[in-house]
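Below are the chains, spelled out letter by letter.
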Amino acid sequence: MIQRVIIDSSDALTELCFLGNIAGTDKSPVVSQSPRHRHAYTAVYTMLFAPLKTRPIHFAEIGVAGGSSALMWNMYFKHPETVLHMFDRDENFLNGAKELVNSQCMNFSLMDVGINGDVCRALSASNPGGLYDVIIDDSSHEHGHQIRIIKEAFPLLKQGGILVVEDIFRATAEEEYTRPLGAIIHECSAAYFVVCEHKDRWSPGWDNDKLLVLVKA
């Protein structure tokens, strides 16, 4: 069973909230650069990722778009041996993110989450023979793609590794995730939806301020 928690971070201004504002990413509810959305994710991510901040990790994000979140992660994770793996199906997005961040610790690779096997292929090629500490999906937000990403990415997590699916539509029944992910949930030490509230959250017409967090046992 996937649990469900509600977190209201209206009174929190974490380092990631601050860095998200600097980077201009919609993951921060306090971003002032007027992106299309303001999601209340950065306080939650602070709770999840603070223990990893100064450790050497392999971190992946699927869905680069303008590169603002890549910039935020590059500012947050401090260890010189940390590698940040960024993926997108659009080479123009990848090239734009490279120009924005320009960091030795980042790998940028093509991945199409709409093609069976391509998530596994791209993750494996970017970190040959290795596993990931964190994998975040911020790609198409389509339910079928999200399920494919989880099924292909979860085996590439380390023990204790964290997989997060962003921007889950609140109107979608949670059973639509529980049913196809039953086998994977049994391999998790924790599995929960996080409904992310904040007085300044903004996702008009989408209402998708919600995460699915899976922690590998």
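Check the entry above for the structure.
Residues numbered from 1 in each chain as written. Predicted model: local features only at pLDDT ≥ 70, side-chain atom pairs only at ≥ 80, totals over all residues. Heavy atoms only, no water.

Spatially, the eight strands line up as an open sheet ordered β1-β7-β8-β6-β5-β2-β3-β4, and their pairing is mixed. A single partner strand is all that each edge strand has here, and the edge strands are β1 (3–8) and β4 (106–110). Each strand of the sheet is rotated relative to its neighbour by a mean of 20°, with strand direction disregarded. Two elements, β1 and strand β7 (residues 188–197), share six bridges in a ladder whose sense is parallel. Pairing of Arg4 across the sheet is with Phe193, part of β7. Together, β2 (58–62), β5 (132–137), β6 (157–165) and β8 (210–216) form the strand contacts of helix α6 (residues 143–153), whose direction differs from that of β6 by roughly 170°. (Pairing = 2+ DSSP bridges. Helix = DSSP H or I, 4+ residues; strand = E, 2+ residues; numbered from the N terminus. Axes fitted to C-alpha atoms, helices over the stretch in contact; angles between N-to-C directions. Contact = heavy atoms within 4.5 Å.)

The subject of this paragraph is the pattern of salt bridges. All chains considered together, the criterion is met by 16 salt bridges. We note a salt bridge from Asp133 to Lys158, for which the minimum N-O separation is 3.1 Å. One end of the pair, Asp133, is in strand β5; the other, Lys158, is in strand β6, with 25 residues separating them in the sequence. Judged by relative accessible area, Asp133 falls into the buried class, the value being 7%. Under the relative-accessibility criterion, Lys158 is labelled partly exposed at 28%. Note that Arg201 and Glu197 form a salt bridge whose closest N and O atoms lie 2.9 Å from each other. Each of the salt bridges in this network shares a partner with another, and the network as a whole consists of Arg170, Glu197, Arg201, Asp207 and Asp209. (Salt bridge = Lys/Arg side-chain N within 4 Å of Asp/Glu carboxyl O. Buried < 20%, exposed > 50% of the residue type's maximum accessible area, 1.4 Å probe, protein only.)

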